[in-house]
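Descriptive structure summary
What follows is the residue order along each chain.
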Number of protein chains: 2
Amino acid sequence: MSKCEQCIVRQFNSLKHLSKDELVRMSACKTSKIIKKGEPLFVEGEHINGVFCIKDGICKVSKMSENGKNQIVNLVHRGDLIGERSLISDEVSNLNAVALNDLEICFIPKTEIIKDLEKNPNFTMDVLKTMANSLKNADNLIVDMAQKTVKQRLAEALLNLEEKFGTTNEGALDIQLSREDIANIIGTATESAIRLLSNLKKKEIIVFKGKDIKIINHNELEKISHGF
Amino acid sequence: MSKCEQCIVRQFNSLKHLSKDELVRMSACKTSKIIKKGEPLFVEGEHINGVFCIKDGICKVSKMSENGKNQIVNLVHRGDLIGERSLISDEVSNLNAVALNDLEICFIPKTEIIKDLEKNPNFTMDVLKTMANSLKNADNLIVDMAQKTVKQRLAEALLNLEEKFGTTNEGALDIQLSREDIANIIGTATESAIRLLSNLKKKEIIVFKGKDIKIINHNELEKISHGF
DNA sequence: CGGTATCTTGATTGGTATCAACTTAAGTGG
DNA sequence: CCACTTAAGTTGATACCAATCAAGATACCG
């Protein structure tokens, strides 16, 4: 099994602030796992009791609404930590995490890492920073959901996806989402998302390359997301 | 000027974890202020550089959307801290805070309290806990905004307001909100909010007492918020 | 080569925003 | 105290957006 202290991925998240000693200790108690595409990493109501560090792959974080619809609240990928909240509160998870493609992750039990949270202020401060940033993003998302039209939200989502996940050699978004996933990101019915995507294609703002989506006219998409 | 170490309000937030010494030091550099109803505590784009502790009154925390509409993302009151994020990041505020009624607050400069954040793990952990909880609430709000109808959101908002702010002697919500404020909480046009409130009144689920709102039929309101 | 999941398009319905007119309430100054 | 002004609340009519239902097309998989 690979060692935490040699893991590159760690550089991308709060774990980079752990000392050599702390990493060795962590390495000894962590477990690695492969989650297949479509399989859950954890589900609503589950006790997580630790954090997951994503070594490879993309994971959709979602929540069920009362009417049975799935809302994706975040997409996390290589380098991200997930489940930090379980370190702080003993509540069960309020979110689902499902692999969007094959997922390679490490699980670090709460019992181990909690010591670092108490004794390593650099680590704690970084967790705090990450959480503060998530909170800011969440506030922005609330405003968008409440005030923007579905069309605007789709345009914005496409731009955000490109910024976050980048593009392939051919210029397509480097993330594969079903129409349903896209609908669940922007919070609308699948058919509505499909319809709007199809409109964007007609206007030659985006094109479909097989399963991939490629943005051609960023400028226009930007305009749409701002309500023009 | 009153002293932090004797302040009751402190018991309600993370400051309760500070030591006597820390409080004395804090007391020496804090400033007290009265913000009149309708006046801003801080606005979007401003450098806050400290935290506000609310001694009395209610403050609406909102964010402007691109189309010029105001979305209320939180209501904070007596005992709450606001501006914690300014301790962690040097970014300007992304939110507005406006007094809903006359507001009595203390301001503690970042330069002072940042030391406690670095050296008092109990305090840091409580800030972390508070933030984790805010994040959970924000996720829930995202799902509600994305998936619930305006009618559902109004019903839910009324119940939440009652739970958070309690009721007066006469059983009315112990918070005075304009129709516009209510609309900005649930993320809809003012007229839509008015219409729905008026419907709830017709069905004798709520009544208006002067400026106050009183919930009579909690059961029915609960049902509506769940989509029936 | 079926069979199933995903995708796509059309028609219909209902919810919500918007615009406009009006009523009521809340100051303000004479 | 009244007349005036302004803000806030209310209601109706209309148009637009998005959800839903239904049907068909395309891709995917054993």
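Remember, it's a predicted structure, so these values are computed and weren't measured experimentally.

Glancing now at the overall build of chain A. On a plain count of helices and strands, chain A comes out with eight helices and ten strands. By residue count, 53% of the 228 residues in chain A fall in the buried class. Long-range pairs, those at least 24 residues apart, make up 70% of the contacts in chain A with a sequence separation of at least 6. For chain A, the accessible area works out to roughly 10,900 Å², and carbon and sulfur atoms hold 49% of it. Taking the average location of the 33 positive side-chain charges in chain A and that of its 32 negative ones, the two points are 3 Å from each other.

All names here are of chain B. Most of helix α6 (residues 179-186) is tucked away: six of the eight residues are buried. The set of residues buried in α6 consists of Asp181, Ile182, Ala183, Asn184, Ile185 and Ile186. Check the buried side of α6 and you find it contacts β4 (58-64), β5 (70-77), α4 (121-147), α5 (150-165), α7 (190-202) and β10 (212-215).

In the neighbourhood of DNA strand D, 14 residues make up the surrounding shell, with Val150, Thr188 and Ser192 of chain A together with Arg179 and Ile194 of chain B lying closest. Within 4 Å of the protein, atoms of DNA strand D come from sugar and phosphate in 61% of cases. Between Glu191 of chain A and DNA strand D, the recorded distance is 3.4 Å, taken from a side-chain N or O atom to a base nitrogen. The set of elements that each furnish at least two residues to the surface near DNA strand D consists of α7 (190-202) of chain A together with α7 of chain B. For the surface near DNA strand D, the leading source of residues is α7 of chain B, giving four residues. Residues of the surface near DNA strand D, tallied by class, amount to three nonpolar, five polar and six charged.

Bringing the domain arrangement of chain A into the picture now. Residue and element names in this part refer to chain A. As far as domains go, chain A holds domain 1 (4-145) and domain 2 (148-225). The gap between the C-alpha centroids of domain 1 and domain 2 is 26 Å. Per-residue buried area on domain 1 facing domain 2 is highest for Ile72, Leu75 and Asp144; these three make up 41% of the total on that side. Where domain 1 meets domain 2, there are two salt bridges. In this structure, the connection of domain 1 to domain 2 is made through eight residue pairs in polar contact (both at pLDDT 80 or more). Elements supplying a minimum of two residues to the side of domain 1 that touches domain 2: β4 (58-64), β5 (70-77) and α4 (121-147). The residue makeup of the side of domain 1 that touches domain 2, split by class, is six nonpolar, four polar and two charged.

Residues and elements named next belong to chain A. Under the counting rule described, the total for this entry stands at four aromatic pairs over all chains. Ring centres of Phe42 and Phe52 lie 5.7 Å apart, and the angle between their planes is 20°; this geometry places the pair in the stacked category. Pair noted here: Phe42 is in strand β2 (residues 40-42) and Phe52 is in strand β3 (residues 50-56), with a separation of ten residues, a long-range link. Accessibility classification places Phe42 together with Phe52 in one group, the buried group. Aromatic ring contacts, followed pair by pair, group Phe42, Phe52 and Phe107 into a single cluster. The ring of Phe208 is capped by Arg179, whose NZ or CZ atom sits 4.5 Å from the centre of that ring.

Taken together, 14 residues surround DNA strand C, and among them Arg179 and Ile194 of chain A together with Val150, Thr188 and Ser192 of chain B come closest. Backbone atoms, meaning sugar and phosphate, form 53% of the atoms of DNA strand C found within 4 Å of the protein. A distance of 3.3 Å is found between a phosphate oxygen of DNA strand C and a side-chain nitrogen or oxygen belonging to Lys69 of chain B. Going through the elements one at a time, α7 of chain A together with α7 of chain B are the ones with two or more residues in the surface near DNA strand C.

Within the largest apolar cluster, 91 residues are counted, with the highest numbers of intra-cluster contacts made by Leu15, Leu41 and Ile82 of chain A together with Leu15, Leu41 and Ile82 of chain B. In this view, Leu15 of chain A contacts Arg10, Leu23, Met26, Cys53, Leu81, Ile108, Ile113 and Phe123 of chain A; residues no more than four positions away in its chain are not counted.

Moving on, we get to the sheet that holds strand β8 (residues 103-109) of chain A. Residue and element names in this part refer to chain A. Across the sheet, which stays open at both edges, the four strands sit in the order β1-β8-β3-β6 with antiparallel pairing between neighbours. Where the open sheet ends on each side, the last strands, each with one partner, are β1 (31-35) and β6 (81-82). Packing of helix α3 (residues 110-119) onto the sheet brings it into contact with β3 and β8, and relative to β8 it is tilted by some 70°.

Residue and element names in this part refer to chain B. Inspection of the secondary structure assignment puts Ile215 in strand β10. For Ile215, a relative accessible area of 4% corresponds to the buried category. Note: C-alpha distance between Ile215 and Ile205 (ten residues apart in sequence) is 6.3 Å. Leaving out residues up to four positions away in the same chain, Ile215 has contacts with Leu158, Leu159, Glu162, Leu173, Ile205, Ile206 and Leu221.

Moving on, we get to the relation of the copies chain B and chain A. The two chain copies are connected by a rotation around an axis plus a translation along it. Expressed as a screw transformation, the operator carrying chain B onto chain A has a rotation angle of 180° and an axial translation of 0.0 Å, and the superposed copies differ by an RMSD of 0.0 Å. Overall, the copies show the geometry of a two-fold rotation axis. A shared interface surface links the copies, since 100% of the contact residues of chain B are contact residues in chain A too.

What counts and what doesn't
- Residues numbered from 1 in each chain as written.
- Chains lettered and ligands numbered in written order.
- Predicted model: local features only at pLDDT ≥ 70, side-chain atom pairs only at ≥ 80, totals over all residues.
- Heavy atoms only, no water.
- Helix = DSSP H or I, 4+ residues; strand = E, 2+ residues; numbered from the N terminus.
- Buried < 20%, exposed > 50% of the residue type's maximum accessible area, 1.4 Å probe, protein only.
- Contact = heavy atoms within 4.5 Å.
- Areas by Shrake-Rupley, 256 points an atom, 1.4 Å probe, with all protein chains shown as cover.
- Lys, Arg positive; Asp, Glu negative; His and termini not counted.
- Charge placed at Lys NZ, Arg CZ, Asp CG, Glu CD.
- Near = heavy atom within 4 Å.
- Polar contact = N/O pair within 3.5 Å; in protein donor to acceptor, adjacent residues only side chain to side chain.
- Nonpolar A, V, L, I, M, F, W, Y, C, P; charged D, E, K, R; others polar.
- Domains from an automatic or database assignment.
- Buried area = accessible area lost by both parts, 1.4 Å probe.
- Salt bridge = Lys/Arg side-chain N within 4 Å of Asp/Glu carboxyl O.
- Phe/Tyr/Trp six-rings, centres within 6.5 Å; stacked < 30°, edge-to-face > 60°.
- Lys NZ or Arg CZ within 6 Å of the ring centre and 35° of its normal.
- Core = buried A, V, L, I, M, F, W, Y, C linked by side-chain atoms within 4.5 Å.
- Pairing = 2+ DSSP bridges.
- Axes fitted to C-alpha atoms, helices over the stretch in contact; angles between N-to-C directions.
- Least-squares fit on C-alpha atoms with pLDDT ≥ 70 in both.

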